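Results of the structural survey
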Amino acid sequence: MVRAARAVRATNRTAERGRGAGVTVGTRPRPRPRAGAGGRDRREPVQPGPSGPRLRRRRLLALLLLIAVVLCGFGSWALYGSPWLRVESVSVTGNRVLTDSEVSRAAAVPTGEPLISVDKAAVQRRVRQELPRVRQVTAERSWPHGIVLTVTERRPQLVMESAGNYVEVDSQGVRFATVGKPPKGVPLLVLEPRKPAGKRYFSATRLRREAARVTDALPDSVHRATRSVRVRSYDDISLELTGDRTVRWGSAEHRKAKAEALVALMKAAKDADHFDVSAPSAPAASGS
C-alpha cells in the first residue's frame, strides 16, 4: 500500500514537472530541425513573388500592346471607313495625243471610294483595253485624295492607207489608231505579199513588224527622204525615196550594216537612182 501510494505521488510529480516544461504527458516532444552548414536551420524555400522592376516591365508591355491595338483599329477605320482618305481626283501625265479626259474616262476610277481600295491593276487594264494608242500605263495613289495615271503612248513608225484614212503602225507592227491624214515624216507602208507563199508563212502582223524594224534602223537623213516601204515577203523589202530613188533592202536582218552601207553608197554614187544593200558586204548602185 505504502509503495503504491509512493508510486502514485511520484507519477503526479513527474506530470506536474512536464506541464511546467510545456510537455504533454504521453506524447513525445517534436524534434527540433537540425542545423545545416553554417549553423542555420534547413527550412523549405519560399517562392518569391514578382519583384518591383519585373512587375513594372509587365505592366509597360501590357500598356504598349493596348496602344498598338487601338492604333491599328484607328488606322483601319481611317483608311476604309473615314471620309478623310477618299478618291476625289484623277490626274494624267505623259500623254501626247490623248486628252486627260479620254484617259480618265477609260480608267473609270470610282470617285468617293476609299483610296486604299482602288484596284490599280484593274485601272491599268481598262486604260489599255479602251485606248489602243496607250502602250503602257501605271496607276499610283497620291495621298490623300488622288490617283495619278502615267501614260506612254505608241508612236507611229509607219502608216497604212485604208478607205481614205490612215492607220498608224508602231515599232512592233501593231495597228493602234486611224487618222484622217498621215503624220508628217512617217513613211507609208504598202503590203504586197506574194501568193500563196507570203501569207502561208508570214502573217500581215509579222510583215508589218519587219517593215518597222527596217525604218527604225534608217539614219535620219535617209528616214526623212523615205516616202514608202514596200513589203512583198520576209526577205523582199524595198524603200522608195524622194527623187524617184529606190533601195532594195532585202530582209530586216543586219539592219545596222545595211544602213551604213546605204549611206556610204549614196555618198559615192550621188547620181544613182537605185541602190541595193540586200548583201551589205557587196552593195551596188545603178542608174544615172
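Note that the coordinates shown come from a computational prediction; the quantities given were computed from them, not determined experimentally. (Residues numbered from 1 in each chain as written. Predicted model: local features only at pLDDT ≥ 70, side-chain atom pairs only at ≥ 80, totals over all residues. Heavy atoms only, no water.)

**Quick look at the overall build of the protein**
- Within the protein one finds eight helices and twelve strands.
- Of all 288 residues assigned to the protein, the portion counted as buried reaches 29%.
- Considering only intrachain contacts with a sequence separation of at least 6, the fraction spanning at least 24 residues in the protein is 45%.
- Only carbon and sulfur atoms are counted for the fraction: they give 52% of the accessible area of the protein, which is about 19400 Å². (Helix = DSSP H or I, 4+ residues; strand = E, 2+ residues; numbered from the N terminus. Buried < 20%, exposed > 50% of the residue type's maximum accessible area, 1.4 Å probe, protein only. Contact = heavy atoms within 4.5 Å. Areas by Shrake-Rupley, 256 points an atom, 1.4 Å probe, with all protein chains shown as cover.)

**A closer look at the packing of helix α3 (residues 100–107) against helix α4 (residues 120–130)**
- The N-to-C vectors of α3 and α4 enclose an angle of 120°; their axes lie 7 Å apart at closest approach. Judged by the inter-axis angle, α3 sits oblique to α4. Every pair of crossing elements has a handedness; the one defined by α3 and α4 is right-handed. Contacts between α3 and α4 involve Val103, Ala106 and Ala107 from the former and Val123, Arg126, Val127 and Glu130 from the latter. (Axes fitted to C-alpha atoms, helices over the stretch in contact; angles between N-to-C directions. Parallel < 35°, antiparallel > 145°, perpendicular 65-115°, else oblique. Left-handed = near helix turned anticlockwise from the far one by under 90°.)

**Description of the pairing of strand β5 (residues 165–169)**
- Within β5, four of the five residues are buried, leaving the element largely enclosed by the surrounding structure.
- With five bridges joining them, strand β4 (residues 158–162) and β5 adopt antiparallel strand pairing. Bridged to Ser162 within β5 is Asn165.
- Counting the residues that bridge the hairpin from β4 to β5 gives two residues, and of these Ala163 lies at a positive phi of roughly 50°.
- In terms of strand pairing, β5 meets strand β6 (residues 175–179) through four bridges, oriented antiparallel. Paired with Tyr166 across the strands is Val179, a residue of β6.
- What sits between β5 and β6 in their antiparallel hairpin is a turn of five residues, with Gly173 showing a positive phi close to 80°. (Pairing = 2+ DSSP bridges.)

**Observations concerning the pattern of salt bridges**
- Scanning the entire structure with this criterion turns up ten salt bridges.
- Measuring nitrogen to oxygen at the nearest pair gives 3.8 Å for the salt bridge that ties Glu192 to Arg232. Remark: Arg232 occurs in strand β8 (residues 226–233) and Glu192 occurs in the loop between β7 (188–191) and α5 (197–201); sequence separation between them is 40 residues.
- A residue is classified by how much of its surface remains accessible, and Arg232, at 28% relative accessible area, is partly exposed.
- Several salt bridges share partner residues, and in doing so they unite Glu192, Arg230, Arg232 and Glu240 into one network. (Salt bridge = Lys/Arg side-chain N within 4 Å of Asp/Glu carboxyl O.)

**Things to note about the environment of Ser171**
- Tracing the backbone through its elements, the reader meets Ser171 in the loop between β5 and β6.
- Leaving out residues up to four positions away in the same chain, Ser171 has contacts with Arg155, Gln157 and Ala212.

**Describing the nonpolar core**
- The biggest cluster of nonpolar side chains holds 26 residues, and the ones touching the most others in it are Val229, Leu239, Val247, Trp249 and Leu262.
- Not counting chain neighbours up to four residues away, the residues in contact with Leu239 comprise Val214, Leu218, Ser228, Val229, Arg245, Thr246, Val247 and Trp249.
- Residues Leu98, Val127, Leu131 and Leu149 belong to the second largest nonpolar core, which totals 18 residues. (Core = buried A, V, L, I, M, F, W, Y, C linked by side-chain atoms within 4.5 Å.)

**Section: α3**
- Residues of α3 that are buried: Val103, Ala106 and Ala107. The buried residues of α3 occupy an angular sector of 100° when the element is viewed end-on, so they sit on one face.
- Packed against the buried residues of α3 are β1 (89–93), α4 and β3 (146–153).
- At the C-terminal side of α3, Ala108 shows a positive phi close to 55°. (Arc of directions from axis to C-beta.)

**Examining a positive patch on the surface**
- A contiguous patch of positive charge on the surface is contributed by Arg54, Arg56, Arg57 and Arg58.
- Relative to the elements of secondary structure, Arg58 occurs in helix α2 (residues 52–81). (Patch = residues over 30% accessible without salt bridge, like charges linked within 9 Å, V, L, I, M, F, W, Y side chains within 5 Å. Lys, Arg positive; Asp, Glu negative; His and termini not counted. Charge placed at Lys NZ, Arg CZ, Asp CG, Glu CD.)

**A look at the confidence of the model for the protein**
- Confidence in the prediction for the protein averages 83 pLDDT; 75% of positions are at 70 or higher.
- Contacts for the low-pLDDT stretch residues 20–27, under 50 throughout, to residues beyond four places or in other chains number two contacts. (pLDDT = per-residue confidence, 0-100.)

**As for α4**
- Regarding α4, the residues found buried are Ala122, Val123, Gln124 and Val127.
- In this structure, the buried residues of α4 make contact with α3, β2 (134–142) and β3.
- Near the N-terminus of α4, the side chain that reaches the backbone nitrogen of Ala121, with its oxygen 3.2 Å away, is that of Asp119. (Polar contact = N/O pair within 3.5 Å; in protein donor to acceptor, adjacent residues only side chain to side chain.)

**Side note on a nonpolar patch on the surface**
- A grouping of Leu60, Leu61, Leu63, Leu64, Leu66, Ile67 and Leu71 is seen on the molecular surface, where their side chains present a nonpolar patch of about 700 Å² in accessible area.
- In this fold, Leu63 is placed in helix α2.
- Judged by its relative accessible area of 45%, Leu63 falls in the partly exposed class.

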